[in-house]
Every structure is written in structure tokens, then in C-alpha cells.
Amino acid sequence: MHCYYLYYAVKNMKLAKYYTGATIPHIYYKDYKIESFWLRGIPEQQQIVTILEKVEKVIGEFIKVKNRLDDLVQSKVSIQKALDKTQTLLDSLMQQYFG
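Because the structure is a prediction, the values reported are computed rather than measured.

*Asks:* Explain the side chain of glutamine 45 residue by residue, including any values.
*Replies:* The residue glutamine 45 is located in helix H3 (residues 42-98) in this model. Accessibility expressed as a relative area gives 2% for glutamine 45, which makes it buried. Beyond its immediate sequence surroundings of up to four residues, glutamine 45 is in contact with Met1, His2, Tyr5, Leu39 and Arg40.

Structure (C-alpha cells):
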């Protein structure tokens with residue numbers, strides 16, 4: 001069995017619903033033993049893993065772009081605040097010098 005195929009299969013099971021314990025979460029076989037997944041042939045497992053890895057990579061890139069855009073939005077807000085303060089200063093100076 002391809003180890004990453006097993007990783008994706010278990011990840012897809014969403015086993016969190018079986019967690020017990022507040023301080024140290026546990027999961028017991030008796031709770032999740034009804035879960036199952038298709039065990040495909042090794043070549044098909046490899047194809048599936050390759051596709052899922054590519055998709056996860058794209059998602060990672062989108063997250064990086066989103067984070068960068070969030071940073072730019074925050075920069076825009078900071079720049080707008082500085083611009084507003086500068087405009088207020090200019091207005092004050094114009095009033096002071098020219099009445």
C-alpha cells in the first residue's frame with residue numbers, strides 16, 4: 001500500500017468525530033472500526049496520490065496569494081490613514097497661511 005494513499009484515506013474519514021477526552025484527546029478502535037475505504041491497486045493509488053498532492057500544492061499557493069492580498073489590504077488601510085492625517089495637516093496649514 002502507498003503510504004500517502006493511506007494518509008489521504010484516513011484524512012478523508014474525518015475521525016475527529018470519534019475523539020474523546022478534553023485534556024488529551026483519544027480515539028478508540030471500538031468507535032471508528034465501522035469506517036472503511038477502497039483499497040485500490042498500487043498503480044491507481046499512485047495516480048490518486050499524485051493528483052491529490054498537486055491539488056494540495058495549488059491550494060497552498062492560493063493560500064499564499066490570499067495572505068499576500070490580506071497584507072496588501074492592511075497596507076492600503078495604513079496608507080489611507082497616513083494620507084488622511086497628511087491631508088488634515090495640509091488643510092490646517094492652508095487655513096493657517098491663507099485664512
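*Asks:* Give me the lowdown on the packing of aromatic side chains, citing residues and values where you can.
*Replies:* In total, this model carries three aromatic pairs according to the counting rule given. Residues tyrosine 7 and tyrosine 8 carry aromatic rings whose centres are separated by 5.0 Å and whose planes lie at 65 degrees to one another, so their mutual orientation is edge-to-face. Judged by relative accessible area, which is 42%, tyrosine 7 ranks as partly exposed. On the basis of relative accessible area, tyrosine 8 is assigned to the buried category, the value being 11%.

*Asks:* How would you summarise unusual backbone geometry if you had to cite specific residues and measurements?
*Replies:* Unusually for a residue other than glycine, lysine 14 sits at a positive phi of about 50 degrees. Relative to the helices and strands, lysine 14 resides in the loop between helix H1 (3-12) and helix H2 (29-32). Judged by its relative accessible area of 57%, lysine 14 is exposed.

*Asks:* Go over the pattern of salt bridges with me, naming the residues and quoting the values.
*Replies:* For the coordinates displayed, the defined rule picks out six salt bridges. The salt bridge partner of aspartate 31 is lysine 30, with a shortest N-O separation of 3.2 Å. The partly exposed category is assigned to aspartate 31, whose relative accessible area is 24%. Note on lysine 30: relative accessible area 58%, which makes it exposed. The residue aspartate 70 makes a salt bridge to lysine 66 at a minimum N-O spacing of 2.8 Å. Residue aspartate 70 and its partner lysine 66 are located together in helix H3, separated by four residues, close to a single helical turn.

*Asks:* Report on H3, specifying residues and quantitative values.
*Replies:* Residue pairs three or four apart in sequence face the same way in an α-helix, which turns once every 3.6 residues. Taking 1.5 Å as the rise per residue, H3 with 57 residues should run 84 Å; its terminal C-alpha atoms sit 82 Å apart, in good agreement. The positive-phi residue at the C-terminal boundary of H3 is glycine 99, with phi of around 80 degrees.

*Asks:* Describe in detail H1, supporting the description with residues and values.
*Replies:* Where H1 is concerned, the buried positions are Tyr5, Tyr8 and Ala9. All buried residues of H1 lie within an arc of 100 degrees about the axis, which places them on one face of the element. Residues of H1 that are buried make contact with H3. Positive backbone phi, at 50 degrees, marks lysine 14, one or two positions downstream of H1.

Analysis parameters
- Residues numbered from 1 in each chain as written.
- Predicted model: local features only at pLDDT ≥ 70, side-chain atom pairs only at ≥ 80, totals over all residues.
- Heavy atoms only, no water.
- Helix = DSSP H or I, 4+ residues; strand = E, 2+ residues; numbered from the N terminus.
- Buried < 20%, exposed > 50% of the residue type's maximum accessible area, 1.4 Å probe, protein only.
- Contact = heavy atoms within 4.5 Å.
- Phe/Tyr/Trp six-rings, centres within 6.5 Å; stacked < 30°, edge-to-face > 60°.
- Salt bridge = Lys/Arg side-chain N within 4 Å of Asp/Glu carboxyl O.
- Expected span 1.5 Å × (residues − 1).
- Arc of directions from axis to C-beta.

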